[in-house]
Amino acid sequence: MNILSGLISGLISGILASLIAQIIIRATKPKIRISNNISKQLVDGSYEYRFKVVNLSKSYAKNLIISPQLITTVNAQDGPLITTKPLPLMRKDIKFIAPYNKRDGNSTYAVRFRLNCNLEEIWEEDDYTSLEITVFCENEQNGCGKMFQQLYRKKDTIVEGSFKTGK
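Each chain carries its own residue numbering, running from 1 in the direction its sequence is written. In keeping with the predicted nature of the model, local features appear solely for residues at pLDDT of at least 70, side-chain atom pairs appear and are counted solely at 80 or more, and the whole-chain, interface and lining totals rest on all residues. No hydrogens and no water enter the side-chain calculation; it runs on all heavy atoms of the structure.

Asker: Go over the packing of aromatic side chains, please, and point to the residues and values.
Answerer: Under the pairing criterion, centres of Phe, Tyr and Trp rings, with the six-membered ring standing for Trp, must be within 6.5 Å; the plane angle then separates stacked pairs below 30 degrees from edge-to-face pairs above 60, leaving the rest tilted. The full count for this structure, using the stated rule, is three aromatic pairs. For the ring pair Tyr60 and Phe96, a centre distance of 5.7 Å and an interplane angle of 65° mean the geometry is edge-to-face. You can see Tyr60 sitting in the loop between strand S3 (46–55) and strand S4 (61–76) and its partner Phe96 sitting in strand S6 (residues 96–97), a full 36 residues away along the chain. The exposure class of Phe96 is exposed, given its relative accessible area of 52%. Charge over a ring is defined by NZ of Lys or CZ of Arg lying within 6 Å of the ring centre and within 35 degrees of the ring normal. Positioned over the ring face of Tyr47 is Lys40, at 4.3 Å from the centre of the ring. Helix and strand definitions follow DSSP, with helices as H or I runs of at least four residues and strands as E runs of at least two, each counted in order from the N terminus. We call a residue buried when its accessible area falls under 20% of the maximum for its residue type, exposed when it is over 50%, and partly exposed in between, using a 1.4 Å probe and counting protein chains only.

Asker: Give me the state of the cysteines: which residues, what numbers.
Answerer: What counts as a disulfide here is a pair of cysteine sulfur atoms lying within 2.5 Å. Applying the stated criterion across every chain yields a total of zero disulfides. Take Cys144: it sits in no disulfide, and the sulfur closest to it among the cysteines is that of Cys137, at 11 Å.

Asker: Describe the nonpolar core, naming the residues involved and giving the relevant values.
Answerer: Of all hydrophobic cores here, the largest spans 27 residues; its most connected members are Ile38, Phe51 and Leu119. For this core, the secondary structure elements donating two or more residues are strand S1 (32–34), S3, S4, strand S7 (110–115), strand S8 (129–139) and strand S9 (145–152). Residues within four places of Phe51 in sequence aside, it is in contact with Ile34, Ser35, Ile38, Ile66, Leu89, Val111, Arg112, Phe113, Leu115, Ile133, Tyr152 and Phe163. What makes a nonpolar core is a set of buried Ala, Val, Leu, Ile, Met, Phe, Trp, Tyr and Cys residues whose side-chain atoms join them at distances within 4.5 Å. We call two residues in contact when some of their heavy atoms are within 4.5 Å.

Asker: Go over the layout of surface pockets with me, naming the residues and quoting the values.
Answerer: Volume-wise, the largest pocket comes out at about 200 Å³. As for the largest pocket, its lining consists of 15 residues, of which Ser35, Asn36, Asn37, Lys52 and Phe163 are closest to the centre. A pocket here means an open set of points on a 1 Å grid, computed over the protein atoms alone, that has protein on both sides within 12 Å along at least five of seven lines. A cavity is instead a set of points where a 1.4 Å probe fits but cannot get out; residues with an atom within 4 Å of a point line either one. Grid points are joined across faces, edges and corners, and a volume is the space filled by probe spheres set on the points.

Asker: How would you summarise the pattern of salt bridges if you had to cite specific residues and measurements?
Answerer: The rule for a salt bridge is simple: a side-chain nitrogen of Lys or Arg has to be within 4 Å of a carboxyl oxygen of Asp or Glu. For the coordinates displayed, the defined rule picks out four salt bridges. Of the charged contacts in the structure, one is a salt bridge between Arg114 and Glu48, with a shortest N-O distance of 2.8 Å. Remark: Glu48 occurs in strand S3 and Arg114 occurs in strand S7; sequence separation between them is 66 residues.

Asker: An account of the pairing of S4 is requested, with residue identities and associated values reported.
Answerer: By definition, two strands form a pair when at least two bridges between them are found by DSSP. Two strands pair when backbone bridges link them, and S4 and S6 are joined in this way by two bridges, in the antiparallel orientation. The partner of Lys62 across the bridge, within S6, is Phe96. Pairing between S4 and S8: ten bridges, direction antiparallel. The residue bridging Leu70 from the neighbouring strand is Leu131, located in S8. Summarising the sheet, S4 and strand S5 (residues 79–86) pair through eight bridges and their orientation is antiparallel.

Asker: Break down the confidence of the model for the protein chain for me, with residues and values.
Answerer: Confidence of the prediction at every residue is given by pLDDT, a number between 0 and 100. Across the protein chain, the average pLDDT comes to 86, with 98% of residues at 70 or higher. Looking across the protein chain, the model is least confident in helix H1 (residues 2–28), with a mean pLDDT of 82, and most confident in S1, with 92.

Asker: Account for the side chain of Ser130, naming residues and giving values.
Answerer: Among the secondary structure elements, Ser130 is positioned in strand S8. When its relative accessible area of 12% is taken as the criterion, Ser130 is described as buried. Once residues lying within four places of it in the same chain are set aside, the contact partners of Ser130 are Gln69, Leu70, Ile71, Trp123, Leu151, Tyr152 and Arg153.

Take a look at the structure:
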């Protein structure tokens, strides 16, 4: 009887420990928000296109991998054919974003990334092409990673102006 009660209590404590660990890991995953629009701004006679990434978590978001790409879906004989065209970023060396802090006057938790191309020129206006921005990052404390995605289906998501500071 002692062996059976020991096995049952060990099993229950193991299950509870696993549940608590999963809750902690889920709570500490990065929380990232990608802007709903692409900013278009005239600088030195040509347009610059930017999107904004905001870290809403209480820890640094590290090991950032940002992948903007144009996705085109075409109906082929055997079904849909998806092609992608990666878009270059002006700077790829940004590897972390500071944690969210509403008292941060510099808003270091919000970073604007610039595309190194004329987006409107290469984005064909049709129902088959969309812009996708994917951001992968990890939590600085435990290395838990998560992928975030923003899909821009229409070219009218490009808005003239610049992003406000902060969220």
